[in-house]
Amino acid sequence: MFFDFAAISPRERYKLLVSTITPRPIAWVVTQDATGHLNAAPFSFFNAFAGDPPVVGIGIGSHEPGRPKDTRRNIRERREFVVNLVSEEAAPLMNVTAIEFEPSVNELAEAQLVTLPSVLVKPPRIAISPVSMECALLQIVELGPDSGLVLGRVLAMHVRDDAVLDPAKHLIDTPNLKLIGRMHGTGWYARTSDLFQMDRIPRANWTLRDGSPVPSP
Ligand SMILES: Cc1cc2nc3c(=O)[nH]c(=O)nc-3n(C[C@H](O)[C@H](O)[C@H](O)COP(=O)(O)O)c2cc1C
């Protein structure tokens, strides 16, 4: 079927996007407002966009027209944030922090989450998260009146000790992180335990369909 995005409503476009672009990793973002109050919320319009410089991006909307989500407002004001990744174990707590609380509510306290101090930024990290990234705001790309893409430079990463295979080689035991992804509709998530491996094909091992020889280096 063909869906012309010009002919459908914003809600319908959103449904098509989030039920097809799956699974999406979840950034569980901790920020502080201008007076230092803590805030936490999950965002699945999230990914890494470059290794050098190390850049992550998060798409953050508004609670209603003209009222940006607290996370976007806080990042604009304070220019720093912590992205925590979400494990199966932490999923129910992440869900509590997604409640559409008024700005004065500290979601970390509501979910009874323990935090640990960050090293390079003011907002703390979430202790139960197996991975946390301390980030500095690079740029907010305004996507419309009520949506912005927050681009952050990763300054440092914390990884739970038992998930580090070899610290000198920066080798991580990714399956052991048991991270979850957001799927379609309301409330569907994926585990990252159903894996398969596929090696890259070296150019030298590939003969073109027309039989052309491999170019010499
Ligand atoms: C798993 C999950 C993923 C979410 N992803 C997004 C997202 O990518 N962008 C967004 O604007 N809201 C997203 N939300 C909704 C926000 O978490 C929710 O609106 C939250 O209350 C915002 O909090 P804040 O105002 O403290 O920033 C998501 C919610 C859940 C449960």
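Data block above holds the structure.
These numbers were taken from a predicted model, which means no experiment stands behind them.

## Thoughts on the overall build of the protein chain
Piece 1. When you go through the protein chain residue by residue, the secondary structure sums to five helices and 16 strands.
Piece 2. Each principal axis of the C-alpha atoms in the protein chain carries an extent, and together these give about 65 × 55 × 30 Å.
Piece 3. A separation of at least 24 residues holds for 59% of the contacts in the protein chain among residues at least 6 apart in sequence.
Piece 4. Summing over all exposed atoms, the protein chain offers an accessible surface of approximately 13500 Å²; the carbon and sulfur share of this is 58%.
Piece 5. Averaging the positions of the 22 positive and the 24 negative side-chain charges in the protein chain gives two centres separated by 4 Å.

## What about the site of the ligand?
Piece 1. Taken together, 19 residues form the shell around the ligand, and within it Asn39, Pro42, His63, Asp70 and Thr71 come nearest.
Piece 2. Within the backbone of Asp70, one N or O atom sits 2.9 Å away from an oxygen atom of the ligand.
Piece 3. Surface burial for the ligand is 92%, taken as the share of its 650 Å² of free accessible area covered by protein chains.
Piece 4. Mapped onto the shell around the ligand, the elements with two or more residues apiece are strand S3 (38-43), strand S5 (54-60) and helix H2 (70-78).
Piece 5. Take the shell around the ligand: its biggest share by element is four residues, from S3.
Piece 6. Residues of the shell around the ligand, tallied by class, amount to eight nonpolar, six polar and five charged.

## Here's the deal with the side chain of Glu80
Piece 1. Position of Glu80 among the secondary structure elements: in strand S8 (residues 80-85).
Piece 2. Among buried Asp, Glu, Lys and Arg side chains, Glu80 stands out as unpaired, with Lys122 the closest opposite charge at 5.0 Å.
Piece 3. Only 2.8 Å separates the side chain of Glu80 from the backbone nitrogen of Lys122, close enough to count as a polar contact.
Piece 4. If we ignore the near neighbours within four places in the chain, the residues touching Glu80 are Thr31, Ile75, Leu120, Val121, Lys122, Pro123, Cys135 and Ala136.

## What to know about the pairing of strand S2 (residues 27-32)
Piece 1. Of all six residues that make up S2, six are buried, and the element is covered over most of its length.
Piece 2. Of the pairings in the sheet, the one linking S2 to S3 comprises six bridges and is antiparallel in character. Along S3, the bridge assignment pairs Trp28 with Pro42.
Piece 3. Here S2 folds back onto S3, and the loop between the two strands holds five residues, one of which, Gly36, carries a positive phi near 95°.
Piece 4. Here S2 pairs with S8 via four bridges, running antiparallel. From the neighbouring strand, Trp28 faces S8, where its bridge partner is Asn84.

What counts, and at which threshold
Residues numbered from 1 in each chain as written. Predicted model: local features only at pLDDT ≥ 70, side-chain atom pairs only at ≥ 80, totals over all residues. Heavy atoms only, no water. Helix = DSSP H or I, 4+ residues; strand = E, 2+ residues; numbered from the N terminus. Contact = heavy atoms within 4.5 Å. Areas by Shrake-Rupley, 256 points an atom, 1.4 Å probe, with all protein chains shown as cover. Lys, Arg positive; Asp, Glu negative; His and termini not counted. Charge placed at Lys NZ, Arg CZ, Asp CG, Glu CD. Near = heavy atom within 4 Å. Polar contact = N/O pair within 3.5 Å; in protein donor to acceptor, adjacent residues only side chain to side chain. Nonpolar A, V, L, I, M, F, W, Y, C, P; charged D, E, K, R; others polar. Buried < 20%, exposed > 50% of the residue type's maximum accessible area, 1.4 Å probe, protein only. Salt bridge = Lys/Arg side-chain N within 4 Å of Asp/Glu carboxyl O. Pairing = 2+ DSSP bridges.

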